[in-house]
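Fold and contact review
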Amino acid sequence: MIAIITVTGNDHPGIIAAVTTGLAELNVNVLDLSQQIMGGYFTMILRVDTANQRISHEATAHKPQECGSITALQEKMTLVGDAQGVLIRVQSEEIFRAVTHI
């Protein structure tokens, strides 16, 4: 499945490294990435492939039935976002496709 991840917050060193490390830990592949800093505010959009996503230990501890899902990926990214002081949202690319076909 293809997912769209958005990252926003105050800019500081290490945000990109933390997000991409978290994705690599789950074996999620980054297909495309756009990043910009606007007046000290960090924004990044990633398009990722979750087809080979590994099960996260955080997800198995709380909701084993959701491992490898968008929910499991969001849980991992929430932990990364909390540690970095940024907001990270994960959505299925299908949401964006459906909106453009209305």
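Just so it is clear, the structure is predicted and the values come from calculations on it, not from any experiment.

The subject of this paragraph is the sheet that holds strand 2 (residues 29–38). Strand order in the open sheet formed by four strands is 2-3-1-4, and the pairing between neighbours is antiparallel. Looking at the sheet topology across the chains shown, the edges are occupied by strand 2 and strand 4 (87–92). Sheet twist, expressed as the average angle between the axes of neighbouring strands with direction ignored, equals 15°. Note: strand 2 against strand 3 (residues 41–49), nine bridges, orientation antiparallel. By the bridge assignment, Val30 is partnered in strand 3 with Val48. Contacts from helix 1 (residues 15–25) reach strand 1 (2–10), strand 2, strand 3 and strand 4 within the one sheet, and its direction differs from that of strand 3 by about 20°.

A word on the pairing of strand 3. A one-sided burial pattern is seen for strand 3, the buried positions being Phe42, Met44, Leu46 and Val48 and the unburied ones Tyr41, Thr43, Ile45, Arg47 and Asp49. Examined bridge by bridge, strand 1 and strand 3 share nine bridges and lie antiparallel to one another. Considered in strand 3, the bridge of Val7 is made with Met44. What sits between the antiparallel neighbours strand 2 and strand 3 is a turn of two residues, in which Gly39 has the positive phi angle 60°.

Here we come to the packing of helix 1 against helix 3 (residues 70–84). With their axes 10 Å apart at the nearest point, helix 1 and helix 3 run at an angle of 155° to one another. Taken as axis vectors, helix 1 and helix 3 run roughly antiparallel relative to one another. The two elements helix 1 and helix 3 meet at a crossing, and its hand is right-handed. For the pair helix 1 and helix 3, contact is made by Ile15, Ala18, Val19, Gly22, Leu23 and Glu25 and by Leu73, Lys76, Met77, Val80 and Gln84, respectively. Classifying every residue of the contact of helix 1 with helix 3 by side-chain character gives seven nonpolar, two polar and two charged.

A separate point is the pairing of strand 4. Looking along a regular strand, one sees side chains alternate from face to face of the sheet. Where burial is concerned, the two faces of strand 4 differ: the one with Ile88, Val90 and Ser92 is buried and the one with Leu87, Arg89 and Gln91 is not. Bridge count between strand 1 and strand 4: six bridges; the pairing is antiparallel. Looking across to strand 4, one finds that Thr8 is bridged to Leu87.

We now examine helix 1. Within helix 1, the full set of buried residues consists of Ile15, Ala18, Val19, Gly22 and Leu23. An end-on view of helix 1 places all buried positions within 130° of arc, on one side of the element. In the core, the buried residues of helix 1 are packed alongside strand 1, strand 2, strand 3, helix 3 and strand 4. Looking at the residues trailing helix 1, positive phi occurs at Asn27, about 65°.

Quick notes on the rules
Residues numbered from 1 in each chain as written. Predicted model: local features only at pLDDT ≥ 70, side-chain atom pairs only at ≥ 80, totals over all residues. Heavy atoms only, no water. Pairing = 2+ DSSP bridges. Helix = DSSP H or I, 4+ residues; strand = E, 2+ residues; numbered from the N terminus. Axes fitted to C-alpha atoms, helices over the stretch in contact; angles between N-to-C directions. Contact = heavy atoms within 4.5 Å. Buried < 20%, exposed > 50% of the residue type's maximum accessible area, 1.4 Å probe, protein only. Parallel < 35°, antiparallel > 145°, perpendicular 65-115°, else oblique. Left-handed = near helix turned anticlockwise from the far one by under 90°. Nonpolar A, V, L, I, M, F, W, Y, C, P; charged D, E, K, R; others polar. Arc of directions from axis to C-beta.

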